[in-house]
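These are the residues of each chain, in order.
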Amino acid sequence: MEFKDVFKDLRKKAGLSQNDAAEKLFVTRQAVSRWERGETIPEVETLRAASRLFGVSINALLGYPTDLQCQSCGMPITPEQMGREKDGTVNESYCKWCWDGGDFLAGCTMEEMVEYCLPYMPFGTPESNRRFLMDLLPSLERWKGPAEPQE
């Protein structure tokens, strides 16, 4: 989907008129109309504001694919499940159960994360799921060790 379609769909789902959206984004109704006709795309700061307003990432607004995986627990993330930064913008790297307000919700170890996730895994046995998570988590950004120094 293109920005014009994504924006219009999100605006309508939020129950906002073009005027309402314009007021919330501090732009004119004509600007919103031009976006929805595909004539222009908002500037970066306005995209950030729209991201906060609709609760989606800027990538989602721009129509980019969002096949993402939480870099803490490994769960696939939909736009509605993405974590939030302190300013309310979406963080595409972590789910809302791992990241909120610009920080991890639980300061746990990798082993504690495995045990936390196990009850939510509907497939396999607890032991096979534990092995799966112990193999997966070290490959995710949160659990990777510091980069090796280059010689």
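S.K.: Got a sec to walk through the side chain of R11? Specific residues and values, please.
M.R.: Considering the arrangement of structural elements, one finds R11 in helix α1 (residues 3–13). Residue contacts for R11: discarding those within four places in its chain leaves L16, S17, Q18, A21, V32, E36 and F54.

S.K.: Break down the packing of aromatic side chains for me, citing the residues and quoting the values.
M.R.: Applying the stated rule across the entire model yields eight aromatic pairs. Between Y94 and F104 the ring centres are 5.0 Å apart and the planes differ by 80 degrees, which places this aromatic pair in the edge-to-face class. You can see Y94 sitting in strand β4 (residues 90–95) and its partner F104 sitting in strand β6 (residues 103–104), a full 10 residues away along the chain.

S.K.: Describe unusual backbone geometry, listing the residues and the values that go with them.
M.R.: Residues other than glycine seldom take positive phi values, yet F26 does so here, at roughly 60 degrees. Along the chain, F26 falls in the loop between α2 (18–25) and α3 (29–37).

S.K.: Account for the packing of α1 against helix α4 (residues 44–54), with residues named and values stated.
M.R.: In the contact formed by α1 and α4, the axes pass within 11 Å of each other and the chain directions differ by 40 degrees. Classified by the angle their axes make, α1 and α4 are oblique. Of the two possible hands of crossing, α1 and α4 adopt the one that is left-handed. Seen from α1, the contacting residues are F3, F7, L10 and R11; seen from α4, they are L47, A50 and F54. Looking at side-chain class alone, the contact of α1 with α4 contains six nonpolar, no polar and one charged residues.

Parameters and conventions
Residues numbered from 1 in each chain as written. Predicted model: local features only at pLDDT ≥ 70, side-chain atom pairs only at ≥ 80, totals over all residues. Heavy atoms only, no water. Helix = DSSP H or I, 4+ residues; strand = E, 2+ residues; numbered from the N terminus. Contact = heavy atoms within 4.5 Å. Phe/Tyr/Trp six-rings, centres within 6.5 Å; stacked < 30°, edge-to-face > 60°. Axes fitted to C-alpha atoms, helices over the stretch in contact; angles between N-to-C directions. Parallel < 35°, antiparallel > 145°, perpendicular 65-115°, else oblique. Left-handed = near helix turned anticlockwise from the far one by under 90°. Nonpolar A, V, L, I, M, F, W, Y, C, P; charged D, E, K, R; others polar.

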